[in-house]
Amino acid sequence: MKWMKKHKILTGCLLTFLLLIGLVLGYIWSKLSLIQYMTGNETDYSQESRPPEESQGQIVDASGLPVSQVPPPIPFERIEKRDDIVNILLLGTDERTRDFSIWARSDSMILISINKTDHTVKLVSLERGMGVPVLEGEHEGQYDWLTHIFQYGGADLVCKTVEHCFRIEIDHYVRINFTTVTSVVDAIGGIDVEMTGPEVGYLNTVYESTDQLFRAGLRVGMNHIDGTVALDYARLREIDSDWQRVERQRKVILAVVNQLKNSGLDDLDNLLNQVLPLIQTDMTMLEITQLMLYSPNFLKAEFDQMTIPREGTYGAMSGMGGRTLFAVDFEENSRILREFLYGETEKP
């Protein structure tokens with residue numbers, strides 16, 4: 001009798017444990033199902049692509065740069081890959097709606113490299129004005145800004161281009177847009193960002209002209225800002241250049257991470273409900289779940305950062321539509337990037 005009683009207790013405990021596990025997995029699965037999963041390019045870009053009729057202004061400051069008459073060579077090293085490192089290309093496209101467009105441009109490109117062995121995360125901003133070859137379609141072989149490549153073949157072609165030029169494997173991509181950014185920041189109650197005098201002066205002037213100064217209230221030093229201000233801050237380049245702009249983008253990402261560390265379960269649930277439908281990715285639910293299992297190891301991780309191309313490793317060249325492009329020394333920047341992500345690499 002005692003044995004049967006113990007057996008029932010153990011069985012009851014086991015069933016309760018399995019039920020809890022099922023509820024947790026069910027909750028996770030229900031949230032992950034909100035994401036837009038992409039199984040490939042749903043659009044035939046080879047038929048529908050066209051050169052961007054409206055450029056983003058002259059985003060490349062070529063003053064004082066050496067001018068290349070021919071495109072720089074692409075390195076021949078093998079594409080670097082390590083099983084314990086996951087490289088995810090974060091693409092921020094330039095829609096201001098909840099819907100994604102095939103004619104968007106990847107306004108921001110940040111490589112997120114996750115080392116599952118060392119429990120480190122590295123962020124690499126890819127300068128959008130880099131001149132890169134169009135690898136597929138009617139414009140194949142011509143050079144254009146990296147930011148325009150999205151219009152020629154979507155996220156898949158952007159990933160392929162980064163792999164081709166820098167010889168590192170891009171495992172996955174995650175696509176967000178301007179609406180995603182504002183929704184994330186607002187859903188977590190805003191973020192804390194330290195601003196300089198020129199940054200505050202410019203943004204306050206913009207908000208004053210649109211009657212938003214009372215809401216922004218920016219000052220030199222630390223500011224608690226909402227999603228609209230965070231987006232404008234991340235896109236700010238008028239006071240300096242695109243190089244400082246990508247640094248601001250990384251600051252916003254890190255500020256979001258810091259805010260998430262202090263968020264409660266209700267806040268996180270609200271965040272997932274609002275933001276996950278505004279994300280596209282080529283990862284599967286299982287792959288995302290596997291990455292989530294590693295997430296506790298990265299809560300206190302330091303985020304190493306850099307921007308490609310490195311200063312002094314690029315000049316200027318002319319590309320499609322007469323646009324001025326950064327003529328990047330791909331061989332040198334490939335070496336720099338591979339060393340940053342993987343340490344010393346061996347050539348074949």
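Use the structure listed above.
Structural notes, computed from the coordinates. Everything numeric in this text was worked out from a predicted model, so none of it was measured. (Residues numbered from 1 in each chain as written. Predicted model: local features only at pLDDT ≥ 70, side-chain atom pairs only at ≥ 80, totals over all residues. Heavy atoms only, no water.)

### Quick word on the overall build of the chain
Each helix and strand in the chain was counted, giving 11 helices and 13 strands. For the chain, the residues scored as buried account for 48% of the 348 residues in total. Contacts in the chain between residues far apart in sequence, at least 24 positions, make up 76% of those at least 6 positions apart. (Helix = DSSP H or I, 4+ residues; strand = E, 2+ residues; numbered from the N terminus. Buried < 20%, exposed > 50% of the residue type's maximum accessible area, 1.4 Å probe, protein only. Contact = heavy atoms within 4.5 Å.)

### Thoughts on the sheet that holds strand E1 (residues 36-37)
Taking strand neighbours across the sheet as the criterion, the 7 strands line up as E1-E10-E7-E2-E3-E4-E11 in an open arrangement whose pairing is mixed. Edge positions in the sheet fall to E1 and strand E11 (303-308), since each has one partner strand and no second. (Pairing = 2+ DSSP bridges.)

### Quick look at the environment of Pro66
With respect to the element layout, Pro66 can be found in the loop between helix H2 (45-48) and strand E2 (85-93). Put simply, Pro66 and Ala327 are 261 residues apart on the chain and 9.0 Å apart in space, counted from C-alpha to C-alpha. Here Pro66 is in contact with Tyr314, Gly315 and Ala316, once residues within four sequence places are set aside.

### A short note on the packing of helix H7 (residues 227-234) against helix H8 (residues 242-261)
Look at H7 against H8: their axes get within 8 Å of each other, and the N-to-C directions meet at 145°. Taking contact as the criterion, the partners of Ala230, Tyr233 and Ala234 in H7 are, on H8, Arg245, Arg248, Gln249, Lys251 and Val252. (Axes fitted to C-alpha atoms, helices over the stretch in contact; angles between N-to-C directions.)

### Brief notes about the pattern of salt bridges
In total, this model carries 18 salt bridges according to the counting rule given. Notably, a salt bridge pairs Arg82 with Asp84, separated by 2.9 Å at the nearest N-O pair. With a shortest N-O distance of 2.4 Å, Arg245 and Asp107 are connected by a salt bridge. Highlighted residues: Arg245 in helix H8 and Asp107 in strand E3 (residues 106-115), separated in sequence by 138 residues. Pair check on accessibility: Arg245 and Asp107 agree, each one buried. (Salt bridge = Lys/Arg side-chain N within 4 Å of Asp/Glu carboxyl O.)

### Considerations on the environment of Leu34
Within the element layout of this structure, Leu34 appears in the loop between helix H1 (2-32) and E1. Among the residues examined, Leu34 registers a relative accessible area of 31% and is labelled partly exposed. C-alpha of Leu34 to C-alpha of Leu276: the two residues are 242 residues apart in sequence and 5.6 Å apart in space. Ignoring any residue separated from it by four or fewer positions in sequence, one finds Leu34 in contact with Leu272, Asn273, Leu276 and Pro277.

### Re the pairing of strand E4 (residues 120-126)
The element E4 is largely enclosed, with a buried count of 6 among its 7 residues. Bridge count between E3 and E4: 6 bridges; the pairing is antiparallel. Across the sheet, residue Leu111 finds its bridge partner in E4, namely Val124. Taken together, E3 and the strand that follows it, E4, pair antiparallel across an intervening segment of 4 residues, in which His119 is found at a positive phi of about 60°. Summarising the sheet, E4 and E11 pair through 6 bridges and their orientation is parallel. Note that in E11 the partner of Lys122 across the bridge is Asp304.

### Some remarks on the packing of aromatic side chains
Counted by the stated rule, this structure contains 4 aromatic pairs. Measuring from centroid to centroid gives 5.6 Å for Phe166 and Phe330, while their planes differ by 75°, and the two rings are edge-to-face. Of the two residues, Phe166 is situated in helix H3 (residues 149-166) and Phe330 in helix H11 (residues 330-342); the sequence distance between them amounts to 164 residues. For the pair Phe166 and Phe330, a shared accessibility class is recorded, and that class is buried. When the centroid spacing of 4.9 Å and the interplanar angle of 70° are considered together, the rings of Tyr314 and Phe326 count as edge-to-face. You can see Tyr314 sitting in strand E12 (residues 314-318) and its partner Phe326 sitting in strand E13 (residues 324-328), a full 12 residues away along the chain. Of the two residues examined, Tyr314 and Phe326, each falls in the buried class. (Phe/Tyr/Trp six-rings, centres within 6.5 Å; stacked < 30°, edge-to-face > 60°.)

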